[in-house]
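The lines below spell out each chain.
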Amino acid sequence: MQNYLEQAFGKGDCSSVRMRAAVREWMDLYYGTPRSGEDDSGRLAVLIVSKLCRTVFAEYELHGRTQSAWQGRMYLNALNDVAKTAMQYALIGGECLLKVMRDRIVPIRRDCYLPLGRDSMGNLTSVGMMQTFFADGKKYVLLERRSDLGESTKIENRLFEVSGQALGRRVPLDTLPACANLSDECILRGVTGLGLGVLRMPTVNCVDGSADPVSIYAPAVGLMHALARCEDQLNHEFLNGASRVFASEDLLRPDASGQRGLRDDLFVGLPDDPANVGVTVYSPTLREGSYLARKQDILRSCESLLGLRRGILSETQAEAQPRTATEIAATSVDYDLTIRSLQRAWQDCVDSTLLVCADLDSSLYGESWMPDPVQIDWGDGVLYDRARVWAEQREMVTDGLLRPEIALAWYYNLPAETEDDLRTVREKYMPTAKGGENNE
């Protein structure tokens, strides 16, 4: 893809060589591309991503479905449909782009686009994307480049008929029905941020120190390779520990297929003196205990580096390295903070993407609307017990220290800053209270 974009637009990936290599390494770890001397069957990257994603959305519930504009409801539903996929893509590659279409939102993972420019904060100022088509036995690639012009976004489209490994010749966009409505170049007035939603990981870059986002498991990549090597060594330990039969060379005879082996007539019985036997069985002792202890140590190190709760990857009852209650509680707090940072990243992505949707509708279709604030309920966590806080609030209401409308607004995640907000709560949840009464 990089060569194609360089040929079409004269621009290449702005990321450093180390960063590009790291992205390939993250993808290889997740999708199980083996390295020499490593066993990738453990798929630790898949385990980390799946555990985090399931925990982030375990009690996910939106409180903004009643958007005032039908466009807002439509795009919010589209975001809900791709929420888990987008989060997994971002966890793997550090960043996921959300391309807004008229009827859906498409998540784009990190290895499917090229950052052609970033500002000092790591925000994309130019990006290249590629889409492949097949028609009439020919292969076509649609190359799209987006550039930030400040208050507008410039989009350039190029369609090429691929010839072998080369980009081939450029053809008109209307060559394919799927590209007929596109233009070679267009300016989206009033659309900022390249007209794309962005979900970024909150992790600081630990690859080259740049503003590029990194995978959630980037700090533990070295340990994950060490675990794969340990798995490979453990496999060889069991292979080498298989029972073997040692026989002298003169006892082996080739069969019809050329394979050499022992003839059946050699096995006629065991004499009284084992020292006279011509065949010896060898069964070495396995050393799996040391390998398993090393594996648990690597997994616990991964948990510490990534801020995961003790026991998510490793065995909590491992005797090799006992843990105190204080250490276990500390890792639980770290895990809760990790999950909260990921939830906050998705909240920011939803808010910013809805603004992009509104800008695109205004620029492309002349439909002017503004998204309402989206309230997301993430449920309880290690540091937050909803039932306990609700009990405390009820006690305060009973003691006359808190207005019941405020407590109900907190419970149902509703605004309670103005008298109109409190009146709405009373009318909906306090039918015995008068609408205009100010309950103290």
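Here is a short report on the structure shown in this document. (Residues numbered from 1 in each chain as written. Predicted model: local features only at pLDDT ≥ 70, side-chain atom pairs only at ≥ 80, totals over all residues. Heavy atoms only, no water.)

## Regarding the sheet that holds strand S3 (residues 105–108)
In a beta sheet, neighbouring strands are held together by backbone hydrogen bonds and run either parallel or antiparallel to one another. Let me state the cut-off plainly: Paired strands, in this sense, are two strands between which DSSP finds at least two bridges. Helical segments are the DSSP runs of H or I of at least four residues, strand segments are the runs of E of at least two, and each set is numbered from the N terminus. Axis angles are defined between N-to-C directions and span 0 to 180 degrees, where every axis is a line fitted to C-alpha atoms and, for a helix, only to the segment in contact.
One open sheet holds the 3 strands; their spatial order is S3-S2-S10, and the pairing between them is antiparallel. Of all strands in the sheet, those with a lone pairing partner are S3 and strand S10 (196–200), marking the two edges. Recorded for the sheet is a direction-independent mean angle of 25° between the axes of neighbouring strands. The sheet contact formed by strand S2 (residues 95–100) and S10 spans 5 bridges and is antiparallel. If you follow Leu98 over to S10, its bridge partner there is Gly197.

## Quick word on the side chain of Asp39
The condition is simple: Only protein chains enter the accessibility calculation, which uses a 1.4 Å probe; a residue is then buried when its area is under 20% of its type maximum, exposed when over 50%, and partly exposed in between. The charge count includes Lys and Arg as positive and Asp and Glu as negative, but it does not include His or the ends of the chains. Should a side-chain nitrogen of Lys or Arg be within 4 Å of a carboxyl oxygen of Asp or Glu, the pair is scored as a salt bridge. Pairing of N or O atoms within 3.5 Å defines a polar contact, subject to two protein rules: one partner must be a possible hydrogen donor and the other a possible acceptor, and residues neighboring in sequence count only if both atoms are side-chain atoms.
By secondary structure assignment, the location of Asp39 is in the loop between helix H2 (17–31) and helix H3 (44–56). Buried within the structure, Asp39 lacks any salt-bridge partner; Lys295 is the closest side chain of opposite charge, at an N-O distance of 8.6 Å. Within the structure, Asp39 has its side chain in polar contact with the side chain of Asn235 (distance 2.7 Å).

## With respect to the nonpolar core
This is how the line gets drawn: The nonpolar core is taken to be a set of buried Ala, Val, Leu, Ile, Met, Phe, Trp, Tyr and Cys residues, with the residues joined through side-chain atoms within 4.5 Å. Only heavy atoms enter the contact rule, under which two residues are in contact if any of them lie within 4.5 Å.
Within the largest apolar cluster, 70 residues are counted, with the highest numbers of intra-cluster contacts made by Trp26, Leu52, Met87, Leu91, Tyr217 and Trp346. Sorting elements by how many residues they give to this core places helix H7 (residues 325–365) first, with 12 residues. Sequence-distant contacts of Tyr217, that is, excluding residues within four places in its chain, are made with Trp26, Leu29, Tyr30, Ala45, Ile48, Val49, Leu91, Ile92, Met224 and Leu306. In this structure, Leu5, Ala8, Leu143 and Val162 belong to the second largest nonpolar core, which totals 11 residues.

## Some words on the packing of aromatic side chains
What counts, and what does not: Two rings from Phe, Tyr or Trp (for Trp, the six-membered ring) form a pair when their centres sit within 6.5 Å of each other. Planes less than 30 degrees apart are called stacked, planes more than 60 degrees apart edge-to-face, and all others tilted. Whether a charge lies above a ring is judged from NZ of Lys or CZ of Arg, which has to be within 6 Å of the ring centre and within 35 degrees of the ring normal.
Counting across every chain of the model gives 11 aromatic pairs. Ring geometry for Tyr30 against Tyr31: centres 5.0 Å apart, planes inclined by 80°, an arrangement best described as edge-to-face. On the basis of relative accessibility, which here comes to 36%, the residue Tyr31 falls in the partly exposed class. Seen from their ring centres, Tyr411 and Tyr412 are 5.0 Å apart, and the 85° between their planes marks the pair as edge-to-face. The exposure class of Tyr411 is partly exposed, given its relative accessible area of 30%. In textbook terms, an aromatic cluster arises when at least three aromatic residues are bridged by ring pairs, as seen for Trp390, Trp410, Tyr411, Tyr412 and Tyr429. Directly above the aromatic system of Tyr365 lies the positively charged group of Arg102, at a separation of 4.1 Å from the ring centroid.

## Some points on the environment of Tyr30
One can find Tyr30 in helix H2. Remark: the alpha-carbon pair of Tyr30 and Ile92, spanning 62 residues in sequence, is separated by 7.2 Å. Among all residues touching Tyr30, those that are not within four sequence positions of it are Arg43, Ala45, Val46, Val49, Gln88, Ile92 and Tyr217.

## Focus on the layout of surface pockets
So the rule is basically this: Here a cavity denotes grid points, spaced 1 Å and computed from the protein atoms alone, that fit a 1.4 Å probe unable to get out, and a pocket denotes an open set having protein on both sides within 12 Å along at least 5 of 7 lines; residues with an atom within 4 Å of a point are the lining. Grid points are joined across faces, edges and corners, and a volume is the space filled by probe spheres set on the points. Following the grouping adopted for this structure description, the nonpolar residues are Ala, Val, Leu, Ile, Met, Phe, Trp, Tyr, Cys and Pro, the charged ones are Asp, Glu, Lys and Arg, and the polar ones are all others, Gly among them.
In this structure, the largest pocket spans a volume of roughly 960 Å³. Of all the secondary-structure elements, those providing two or more residues to the lining of the largest pocket are S2, S3, strand S5 (124–135), strand S6 (138–148), strand S7 (152–163), strand S9 (185–189) and H7. Looking at the lining of the largest pocket residue by residue, the class counts come to 19 nonpolar, 5 polar and 7 charged.

## Focus: the pattern of salt bridges
Using the criterion set out here, one finds 24 salt bridges in the structure. One salt bridge in this structure joins Arg340 and Asp336, with 2.8 Å as the shortest N-O distance. Residue Arg340 and its partner Asp336 are located together in helix H7, separated by 4 residues, close to a single helical turn. In this structure Arg340 comes out as partly exposed when scored by relative accessible area, which is 36%. Close ionic contact of Glu419 with Arg403 constitutes a salt bridge, the shortest N to O distance being 3.4 Å. Of this pair, Glu419 sits in helix H10 (residues 419–429) while Arg403 is found in the loop between helix H8 (386–398) and helix H9 (404–411), placing the two residues 16 residues apart along the sequence. On the basis of relative accessibility, which here comes to 14%, the residue Arg403 falls in the buried class. Within the structure, one salt-bridge network assembled from shared partners comprises Glu95, Arg118, Arg200 and Asp212.

## Looking at helix H5 (residues 221–240)
Just so we agree on the cut-off: By this rule, a helix spans an expected 1.5 Å times one less than how many residues it contains.
End to end, H5 covers 29 Å across 20 residues, agreeing with the expected 28 Å (1.5 Å per residue, within 8%). Within the span of H5, buried status applies to Val221, Met224, His225, Ala226, Leu227, Ala228, Cys230, Glu231, Asp232, Leu234 and Glu237. As for H5, its buried residues are in contact with H2, H3 and helix H6 (288–306).

## A short note on unusual backbone geometry
Unlike most non-glycine residues, Asp136 shows phi in positive territory, near 55°. In this structure, Asp136 sits in the loop between S5 and S6. With a phi close to 65°, Leu194 is a non-glycine residue in the positive phi region. Counting through the fold element by element, Leu194 comes out in the loop between S9 and S10.

Just distances and angles here, no functional claims.
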